[in-house]
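Architecture at a glance
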Amino acid sequence: MNNGAVKSCAESIRPLKKKGLLQKTSMAAGIFCQIIALFCLVMTYLESQTLGMEDVITASYLASTFFFSTCGIVMIIIGKADLPDLSISGLSEDK
């Protein structure tokens, strides 16, 4: 194998930066959204037992479950993203 080509590719990749405040906040918000979605799912079940699935409150809890679960998934993905270091100081250190 050509080790020179492997080294040049590895050297051209920028180092990953540490998670910033906004990514940490996004992760916390995503976990919080998942907890709220679980609560809404439990409330959907309880309200469907007492009022039935045709009631407006049950439909509202079901819509809230979908909203918070999908919002939580997106926020967790944003929080887990590995972003490269695009700062100018990072470029000058590479040379």
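1. With respect to helix α2 (residues 21-50)
The terminal C-alpha atoms of α2 lie 43 Å apart, and with 30 residues this matches the ideal 44 Å at 1.5 Å per residue to within 8%. Within α2 the residues assigned to the buried category are Gln-23, Ser-26, Gly-30, Cys-33, Ala-37, Cys-40, Met-43, Thr-44, Glu-47 and Ser-48. Those residues of α2 hidden inside the fold are in contact with α3 (56-80). A positive backbone phi angle near 95 degrees is found at Gly-52, which sits one or two residues after α2.

2. Focus: the packing of aromatic side chains
Taken as a whole, this structure holds one aromatic pair when the rule is applied. Judged by centre distance (5.2 Å) and plane angle (70 degrees), the ring pair of Phe-67 and Phe-68 falls under edge-to-face.

3. Describing the side chain of Thr-44
Structurally, Thr-44 can be placed in helix α2. The class of Thr-44 is buried, set by a relative accessible area of 7%. At 2.7 Å, the side chain of Thr-44 forms a polar contact with the backbone oxygen of Cys-40. There is a polar contact of 3.5 Å between the side chain of Thr-44 and the backbone oxygen of Tyr-61. Contact partners of Thr-44, with chain neighbours within four places excluded, come to Thr-58, Tyr-61, Leu-62 and Thr-65.

4. A look at the side chain of Thr-65
In this fold, Thr-65 is placed in helix α3. You can call Thr-65 buried: its relative accessible area is 11%. A polar contact of 3.5 Å, which involves the side chain of Thr-65, links it to the backbone oxygen of Cys-40. Of note is the side chain of Thr-65, whose polar atom sits 2.8 Å from the backbone oxygen of Tyr-61. With sequence-adjacent residues up to four places away left out, Thr-65 is seen in contact with Ala-37, Cys-40, Leu-41 and Thr-44.

Conventions we followed
- Counting starts from 1 at the beginning of each chain's written sequence and moves along it residue by residue.
- Reporting in this predicted model follows two pLDDT cut-offs: at least 70 for local features of residues, and 80 or more for side-chain atom pairs to be given and counted; totals over whole chains, interfaces and linings ignore these cut-offs and use all residues.
- Where side-chain values are given, they derive from all heavy atoms of the structure, hydrogens and water being excluded.
- Secondary structure counts use DSSP, requiring at least four H or I residues in a row for a helix and at least two E residues in a row for a strand, with both numbered from the N terminus.
- By this rule the span expected of a helix is its residue count minus one, scaled by 1.5 Å.
- Summary of the burial criterion: residues with accessible area below 20% of their type's maximum are buried, those above 50% are exposed, and those between are partly exposed, where the area comes from a 1.4 Å probe applied to protein chains only.
- Residue contacts are defined here by distance: any two heavy atoms, one from each residue, within 4.5 Å place the two residues in contact.
- Each pair of aromatic rings taken from Phe, Tyr and Trp, with Trp reduced to its six-membered ring, is defined by centres within 6.5 Å and is described as stacked if the planes are under 30 degrees apart, edge-to-face if over 60, and tilted in the remaining cases.
- Distance and chemistry together define a polar contact, namely a pair of N or O atoms within 3.5 Å, with one atom able to donate a hydrogen and the other to accept it when in protein, and with adjacent residues in sequence counting only for side-chain atoms on both sides.

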